[in-house]
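These are the residues of each chain, in order.
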Amino acid sequence: MRIVLVGSGYVGLVSGACFAEFGIDVTCVDRDAAKIASLEAGVMPIYEPGLEDLVSRNVRAGRLAFSGDLPAAVAAASAVFIAVGTPTRRGDGHADLTYVFAAAREIAASLRGYTVIVTKSTVPVGTGRKVAAIIAEARPDLAEGRDFDVVSNPEFLREGSAITDFMHPDRVVIGLTDGSEAARAVMRELYRPLFLRDTPILFTGIETAELIKYAANSFLATKISFINEIADLCEKLGANVQEVATGIGLDGRIGKKFLHPGPGFGGSCFPKDCLALVRIGREAQSPLSIVEAVVSFNDARKRQMAERIIAACGGSVAGKRIALLGLTFKPNTDDMRESPSLVVVPLLREAGAEVVACDPEGIAEAKKLLPSITYAESASAAAEGADALVLLTEWNQFRALDWAEMKRRMRGHVVVDLRNIYRPDQMTAAGFAYHSIGRPS
Ligand SMILES: NC(=O)c1ccc[n+]([C@@H]2O[C@H](COP(=O)([O-])OP(=O)(O)OC[C@H]3O[C@@H](n4cnc5c(N)ncnc54)[C@H](O)[C@@H]3O)[C@@H](O)[C@H]2O)c1
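Residues numbered from 1 in each chain as written. Predicted model: local features only at pLDDT ≥ 70, side-chain atom pairs only at ≥ 80, totals over all residues. Heavy atoms only, no water.

1. A word on the site of the ligand
Taken together, 25 residues lie near the ligand, and Asp 30, Lys 35, Thr 86, Glu 159 and Lys 272 sit nearest. Contact distances for the ligand include 2.6 Å between an oxygen atom and a side-chain N or O atom of Thr 86. Contact distances for the ligand include 3.4 Å between a nitrogen atom and a side-chain N or O atom of Ser 268. When isolated, the ligand has an accessible area of 830 Å², and the protein chains bury 91% of it. Broken down by secondary-structure element, the contributors of at least two residues to the shell around the ligand are helix H1 (10–21) and helix H5 (98–110). Its residues placed into classes, the shell around the ligand shows eight nonpolar, seven polar and 10 charged. Viewed by domain, the shell around the ligand spans two of them, domain 1 (2–199) and domain 2 (205–441), each represented by three or more residues. (Near = heavy atom within 4 Å. Polar contact = N/O pair within 3.5 Å; in protein donor to acceptor, adjacent residues only side chain to side chain. Areas by Shrake-Rupley, 256 points an atom, 1.4 Å probe, with all protein chains shown as cover. Helix = DSSP H or I, 4+ residues; strand = E, 2+ residues; numbered from the N terminus. Nonpolar A, V, L, I, M, F, W, Y, C, P; charged D, E, K, R; others polar. Domains from an automatic or database assignment.)

Here is the structure:
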């Protein structure tokens, strides 16, 4: 079977490479010519562990190719995945579907023979049917003989573990329009290796599949915000949020994942998907008050992290040097989208701090977004002469720092650990004024 991924970003490129690994002939298309040129030269445009090996192995095997020529690729395909971005639309919080609809129009013009068009992008309920309408309008010849189907197949992979997530998902969700058997057969064939491995494959209606993705992300975001708010309460009451998280997480109905307190969630999905679900709820006159509260709590939390750092520095950071470890929204990615650092750093700068930051993979992107700070090669270089050190992203590189060396390099002794990587008793014994989240210091 031959398929096309339209959009070769985090989702399109990883999904395309994984489908190729399943034995399918895949062409990853992108309208960004520089991205395609880079992929053709064997240089990955994103950082994702294991991706380069997976891509080069499948390119060598002749199962994976890259192209800027969407019409040629689509004409030869049995299934075409739309994996373009759906960012937040400026002004109203809705998902911006410009790229999805533009891709649908381009795809429509090139379809030959029965093809399944699959929305893999995260799209609001009703988008699949709008994509079908765009194609039917552009190609009445295909609509008449029902020579295409639109399917929703939301993606649940996480950046940083995207390949394992795609290859070993908790479930695959496939939303069919009007129960199309032809589309079901194509999707079963594509995910055959996962069927054989007994991965739960959930066939639903297209609207249900679209909503599952938003409901899943909003639920996870709610869990994070819940434990963050409990962490704040712990600080007031002298309780320990780590122990509270363990104590509630051992209850099978709650589960221990996503109960790590921190500086608020970021990334390319949770913030925009929560906002979009709020919008979907309002438009359907079925408001989602819990998700609305999560959105405003999380925005405020990122700002509060800057206040927390300033308070730890004695109420002012004017003229102080702050070493910031970690800029990406989570470890093992170079993705800076909606990262807490994008809120915290400007607030520290406004308050007069000098910021020296380091990040194993995020610096190239961070330099475009945070041009007014200094970048260091390593944690110890960032610590040189710093009055305070802030741990913002829990990269493995920051999990076993040599604190004796850090102390020698730093001018001050304040450490603000926004990921609770270290133990308060050890840090205090090492001579630091240590601040973490939701734990007695
Ligand atoms: N990043 C994640 O972890 C993740 C996980 C699950 C779902 N999603 C969803 O998947 C979708 C894609 O996200 P992403 O992070 O991969 O985005 P991305 O920005 O990394 O990639 C999108 C790509 O699509 C390309 N593109 C846009 N319009 C095009 C067109 N008409 N033809 C060809 N290429 C086109 C862009 O040039 C870009 O390279 C979004 O809806 C997102 O919400 C993302």
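2. So, the packing of helix H14 (residues 289–312) against helix H15 (residues 341–350)
Contact pair H14 / H15: the axes reach a minimum separation of 8 Å and the direction vectors enclose 45°. Here H15 runs oblique to H14, going by the angle between their axes. In terms of crossing hand, the pair formed by H14 and H15 is right-handed. The residues of H15 that touch H14, namely those facing Lys 302, Arg 303, Met 305, Ala 306, Ile 309 and Ile 310, are Val 343, Val 344, Leu 347 and Leu 348. Counted by class, the contact of H14 with H15 contains eight nonpolar, no polar and two charged residues. (Axes fitted to C-alpha atoms, helices over the stretch in contact; angles between N-to-C directions. Parallel < 35°, antiparallel > 145°, perpendicular 65-115°, else oblique. Left-handed = near helix turned anticlockwise from the far one by under 90°. Contact = heavy atoms within 4.5 Å.)

3. What to know about the domain arrangement of the chain
As far as domains go, the chain holds domain 1 (2–199) and domain 2 (205–441). The gap between the C-alpha centroids of domain 1 and domain 2 is 32 Å. With 34 residues of domain 1 at the contact, the number on the domain 2 side is 26 residues. Taken together, the two surfaces of domain 1 and domain 2 that pack against each other cover about 2,500 Å², and 58% of this comes from carbon and sulfur. In this assembly, domain 1 and domain 2 are joined by two salt bridges. A salt bridge links Glu 159 to Arg 337, with the nearest nitrogen and oxygen atoms 3.8 Å apart. For the pair domain 1 and domain 2, the number of links is 11 residue pairs in polar contact (both at pLDDT 80 or more). Put simply, the parts of the chain that give the side of domain 1 that touches domain 2 at least two residues each are helix H6 (127–138), strand S6 (148–152) and strand S7 (172–176). Per element, the largest residue contribution to the side of domain 1 that touches domain 2 is four residues, and it comes from S7. Considering only residue class, the side of domain 1 that touches domain 2 consists of 16 nonpolar, 12 polar and six charged. (Buried area = accessible area lost by both parts, 1.4 Å probe. Salt bridge = Lys/Arg side-chain N within 4 Å of Asp/Glu carboxyl O.)

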